[in-house]
Amino acid sequence: MVGVAVAAPPVPAGVAAEGVAPVTGELPLLAGSVRLRGVDVSRWPEERRTAAGIGYVPQVRDVFSGLTVEENLEMGGYRVPRHVLRDHIHQVVETFPTL
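Residues numbered from 1 in each chain as written. Predicted model: local features only at pLDDT ≥ 70, side-chain atom pairs only at ≥ 80, totals over all residues. Heavy atoms only, no water.

Points about the overall build of the protein chain
Helices and strands together make up the secondary structure of the protein chain, namely 4 helices and 2 strands. Scanning the protein chain from its N terminus toward the C terminus, one meets helices and strands in the order α-β-β-α-α-α. The buried share of the protein chain, reckoned over its 99 residues, is 12%. Considering only residue pairs separated by 6 or more positions, the protein chain has 26% of its internal contacts joining residues 24 or more positions apart. In the structure as shown, the protein chain presents an accessible area of about 8100 Å², 57% of it carried by carbon and sulfur atoms. (Helix = DSSP H or I, 4+ residues; strand = E, 2+ residues; numbered from the N terminus. Buried < 20%, exposed > 50% of the residue type's maximum accessible area, 1.4 Å probe, protein only. Contact = heavy atoms within 4.5 Å. Areas by Shrake-Rupley, 256 points an atom, 1.4 Å probe, with all protein chains shown as cover.)

Comments concerning the side chain of Ser42
Within the fold, Ser42 resides in the loop between β2 (39-40) and α2 (46-51). Non-local contacts of Ser42, meaning those with residues more than four positions away in its chain, are made with Leu29, Gly32, Ser33, Val34 and Arg49.

Let's talk about the packing of aromatic side chains
Applying the stated criterion to the full structure yields 0 aromatic pairs. Sitting above the plane of the Trp44 ring, Arg48 keeps its charged end 3.8 Å from the centroid. (Phe/Tyr/Trp six-rings, centres within 6.5 Å; stacked < 30°, edge-to-face > 60°. Lys NZ or Arg CZ within 6 Å of the ring centre and 35° of its normal.)

Description of a nonpolar patch on the surface
Side chains of Val60, Val63, Phe64, Leu67 and Met75 sit close together on the surface and give an oily, nonpolar patch of about 400 Å² of accessible area. Relative to the elements of secondary structure, Phe64 occurs in the loop between α2 and α3 (69-76). You can call Phe64 partly exposed: its relative accessible area is 37%. (Patch = residues over 30% accessible without salt bridge, like charges linked within 9 Å, V, L, I, M, F, W, Y side chains within 5 Å. Salt bridge = Lys/Arg side-chain N within 4 Å of Asp/Glu carboxyl O.)

Some points on the pattern of salt bridges
For the coordinates displayed, the defined rule picks out 2 salt bridges. Arg86 is paired through a salt bridge with Glu74; the nearest N and O atoms lie 2.4 Å apart. Here the residue Arg86 occupies a position in helix α4 (residues 82-95), and Glu74 occupies one in helix α3, the gap between them amounting to 12 residues. By sharing partners, the salt bridges in this structure join Glu70, Glu74 and Arg86 into a single network.

So, the confidence of the model for the protein chain
Of the residues in the protein chain, 72% have a pLDDT of 70 or more, and the chain-wide mean is 76. Across the protein chain, the secondary-structure element scoring lowest on mean pLDDT is helix α1 (residues 17-24), at 64, and the one scoring highest is α4, at 90. (pLDDT = per-residue confidence, 0-100.)

Here it is, written out as structure tokens:
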């Protein structure tokens, strides 16, 4: 059983790699449910879960090894409006200037 509760505003939450596929919709749930803001999203297709902000970020360094840091950040925000993404990337670079 995996339980993750996150209060608003939205913040990243972690689930171990072994349990992420049913949460993101890549594999069917064997039991239980996936809830987002109190809504059962267990039967939502993977694309709808992604649009709602549920996703998987691999913890390996070589997924997009040919891309720059900025290009990697852009990949993570491909569904975010361009002007919002620019602001988010700017905030990340200010927070982590050595990137």
